[in-house]
Amino acid sequence: MSDLSLKGIAKHFGDVVALEHVDLELARGEFTTILGPSGSGKTTMLRIVAGFEHQDAGQVLVRGKDVTQLAPAKRNMGMVFQNYALFPHMTVAENVAFPLRMRRTGRAEIRERVGWSLDTVALGGYEERYPSQLSGGQQQRVALARAIVFDPELLLLDEPFGALDRKLREQMQLEVKRLQRRLNLTTLFVTHDQEEALILSDSIAVMNAGRIEQLGTPRAVYAEPASRFVADFIGESNLFQGRVRAITNGLLVIETEAGHTLHARARDGLVEGHSVSALVRPERPQPTDGGLSGINDFEGEIIEAVYMGESEKYRVALDGGLEFLVRWPGQGEARTRSEGGRLAFSISPDDLHVIAVDGSKK
Amino acid sequence: MVNRRRRSGFRILLAIYCGFVFFFLVAPLFVVFPISFSAARYLTFPPPGFSWQWYLSYINDPAWIQATITSIKVALGTTVLATLLGTMVAFSLVRGSYPGRSWVDRLVAAPIIVPNIIIAVALYGVFARFQLVGAWYGVMLGHTVYAIPFVVLVVGAGLRTFDQNQELAAMGLGASRLEAVWHVTLPQIRPAIISAAFLAFITSFDELIIALFTSGTNATLPKKMFENIIFEIDPTIAAVSVLQILLVGIVVTLAARFGVGMNPIR
Ligand SMILES: Nc1ncnc2c1ncn2[C@@H]1O[C@H](COP(=O)(O)OP(=O)(O)OP(=O)(O)O)[C@@H](O)[C@H]1O
Ligand SMILES: [Mg+2]
């Protein structure tokens, strides 16, 4: 049985459709991220799960039990808000004790649970401080401690890292992940940061305009996006528009609109004549010495080169006019590739992911 | 250079202006204080000599003491009632959504806008029918009507700056709506509520017109002072004024101390 299942959740605000028809299942201990651009309905979905918002249609089941009619207080979910929503007039210990006090837990047990919880987030010794006397990362830990102290059935996180600087954000991400693993917490996480989603999740639900476009592991949504939207939204991408001209030796031969010929690994359900998008991630191409003899060989002029430390990014104008993005590991001074130079590369048929364009799938 | 001179000219004018305002605000004190210690039997200024006689006359006159007690009772009752009701109205205005809310929002300031004397006459009409004229709690009800708008304004302002996510968070963590308000919202807007309570107290404590119409023989302090001026005119009212000023001064100081800046977080 899943810990959380959403069945056909729909919600609109006036004319705005916030959620169209959302189905989602979370197994025990699973970390699922809702990823999507602004306005795609992420927060609305989380608020419906938490009980702050009421869906127009559909059901929310927690461990098989329909909680649709339950008030937020009765749902037993730990939630961390974007701005933490710590209570400024309470000390750290009082903040963390709050959910237990509301549950009429005994004093001795409260003391013990609060101690355990603060130790878990490595904040032992900060009991008597007020939230305003803590750094951003520490405040976040208090919010986490408060969300886990009552042993919730579900952990809900709404963009909890938004307010932290990059370094701290990465550190907190890993800490949250470790904590979630250790306590085996079923977690629903909301973010619009695709990098964060890839790092943290067991599975990612990519949302677009109130619908889940794709649900899959980080690897799946990155390497095998189900739609152009997902391909575009997650990571950087090169997308060719084209048509399947033939299938030979298990390879699709794709004729692009710009006049290139691509070879990609064949996929079920694609036959001659289908219009498709072919996706190549920028780190996939392999450098070659030039020459266009093999399959998927390309050459072009570097129109922009950006050095980013661990990697370098080139915008290449392919012969034939198309722009292509390449990202390779950073090189030393001696091996600089600069703007105006030539770049030759080849793409393995396995590194081309073919997406059927809607309307010609079947 | 020109700019600078013009600015300093402006500052001198501003200083003179502020000086005048300040003078007119405090000038009465410089008259009232000396007169209250006057050795003369009439209101004369400057006083011919020093004496405590008017303070003694206040303390030894049961009518003055009775008026003082009435005033304090009325003001305390008004404080409690107006703060309670006003806070509830403020919540309904800031949080609620019900038909007619915008009208309530506009009408709530009416008791401040409508001339006091109109309220006083209207209350007299109603109280006369229910035999409330002359009862201290009648005056208290009248003052409550008058003080509620102040409470609504102050508490409403506090409530508007309060982050409502806090309440949601509390409910998500297991609090009922009432518990969330009690444990999370109220403690955080406490400075506003305390300021509002002090304001209600002061509003009632030196209100004259409503008391004039509704307190009957059971006079409040301002009413007694008014009658004293009309019938006797002796420096006792100067002494009473000084005592009243001291009391209000203490209340204002307490309000400043506890109303704002009490929260260790701010
Ligand atoms: N209370 C509301 N009243 C009216 N419209 C709303 C309300 N809440 C959300 N919406 C609308 O519903 C849609 C989804 O909003 P939601 O807040 O769920 O988006 P989101 O994915 O969380 O976006 P973001 O990344 O910007 O937080 C948006 O078009 C939004 O304008
Ligand atoms: Mg959101």
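Given the structure is predicted, the values throughout are model-derived calculations rather than measurements.

1. A short note on the pairing of strand 13 (residues 261–265) of chain A
Residue and element names in this part refer to chain A.
In step 1: Two elements, strand 12 (residues 251–256) and strand 13, share 5 bridges in a ladder whose sense is antiparallel. Each residue of the ladder has a partner; that of glutamate 255, found in strand 13, is threonine 261.
In step 2: Linkage of strand 12 to strand 13, two consecutive antiparallel strands, is achieved through a turn of 4 residues, within which glycine 259 is found at a positive phi near 100 degrees.

2. Examining the site of ligand 1
Residues and elements named next belong to chain A.
In step 1: All residues adjacent to ligand 1 are Phe13, Val16, Ala18, Pro37, Ser38, Gly39, Ser40, Gly41, Lys42, Thr43, Thr44 and Glu159.
In step 2: In this structure, an oxygen atom belonging to ligand 1 sits 2.8 Å away from a main-chain N or O atom of glycine 39.
In step 3: When the free accessible area of ligand 1 is taken as 630 Å², the share hidden by the protein chains comes to 59%.
In step 4: Among the elements of the structure, strand 2 (16–26) and helix 1 (42–50) are those that each provide at least two residues to the shell around ligand 1.
In step 5: At 3 residues, the largest contribution of residues to the shell around ligand 1 is made by helix 1.
In step 6: Partitioned by chemical class, the residues of the shell around ligand 1 number 4 nonpolar, 6 polar and 2 charged.

3. Here's the deal with the packing of aromatic side chains
All names here are of chain A.
In step 1: Evaluated as defined, the whole model comprises 22 aromatic pairs over all chains.
In step 2: Here phenylalanine 161 and phenylalanine 189 contribute two aromatic rings whose centre-to-centre distance is 5.9 Å and whose plane-to-plane angle is 45 degrees, an arrangement assigned as tilted. Within this pair, whereas phenylalanine 161 is found in the loop between strand 7 (154–158) and helix 5 (166–183), its partner phenylalanine 189 is found in strand 8 (residues 187–191), the two being separated by 28 residues in sequence. Both residues of the pair, phenylalanine 161 and phenylalanine 189, count as buried.

4. A few points about a nonpolar patch on the surface
In step 1: Taken together, the side chains of Ile12(B), Leu13(B), Ile16(B), Phe20(B), Phe23(B) and Phe24(B) define a hydrophobic patch exposed on the protein surface, amounting to about 690 Å² of accessible area.
In step 2: Take Ile12(B): it is sitting in helix 1 (residues 2–36).

5. What to know about the pattern of salt bridges
Residues and elements named next belong to chain A.
In step 1: Within this structure, the stated rule accounts for 20 salt bridges over all chains.
In step 2: Between aspartate 350 and arginine 265 there is a salt bridge, with the nearest N and O atoms lying 2.7 Å from each other. Taken as a pair, aspartate 350 in the loop between strand 19 (342–346) and strand 20 (353–356) and arginine 265 in strand 13 lie far apart in primary sequence, 85 residues in all.
In step 3: Given the relative accessible area of 51%, aspartate 350 is considered exposed.
In step 4: Glutamate 304 serves as the salt-bridge partner of arginine 315, at 3.0 Å between the closest nitrogen and oxygen.

6. So, helix 2 (residues 53–60) of chain B
Residues and elements named next belong to chain B.
In step 1: All of the buried residues along helix 2 are Trp54, Tyr55 and Tyr58. Each buried residue of helix 2 lies within a common arc of 105 degrees when the element is viewed along its axis, so the set occupies one face. Seen from the buried face of helix 2, the exposed residues on the opposite side, beyond 90 degrees, are Ile59 and Asn60.

Reading guide: rules and limits
Residues numbered from 1 in each chain as written. Chains lettered and ligands numbered in written order. Predicted model: local features only at pLDDT ≥ 70, side-chain atom pairs only at ≥ 80, totals over all residues. Heavy atoms only, no water. Pairing = 2+ DSSP bridges. Helix = DSSP H or I, 4+ residues; strand = E, 2+ residues; numbered from the N terminus. Near = heavy atom within 4 Å. Polar contact = N/O pair within 3.5 Å; in protein donor to acceptor, adjacent residues only side chain to side chain. Areas by Shrake-Rupley, 256 points an atom, 1.4 Å probe, with all protein chains shown as cover. Nonpolar A, V, L, I, M, F, W, Y, C, P; charged D, E, K, R; others polar. Phe/Tyr/Trp six-rings, centres within 6.5 Å; stacked < 30°, edge-to-face > 60°. Buried < 20%, exposed > 50% of the residue type's maximum accessible area, 1.4 Å probe, protein only. Patch = residues over 30% accessible without salt bridge, like charges linked within 9 Å, V, L, I, M, F, W, Y side chains within 5 Å. Salt bridge = Lys/Arg side-chain N within 4 Å of Asp/Glu carboxyl O. Arc of directions from axis to C-beta.

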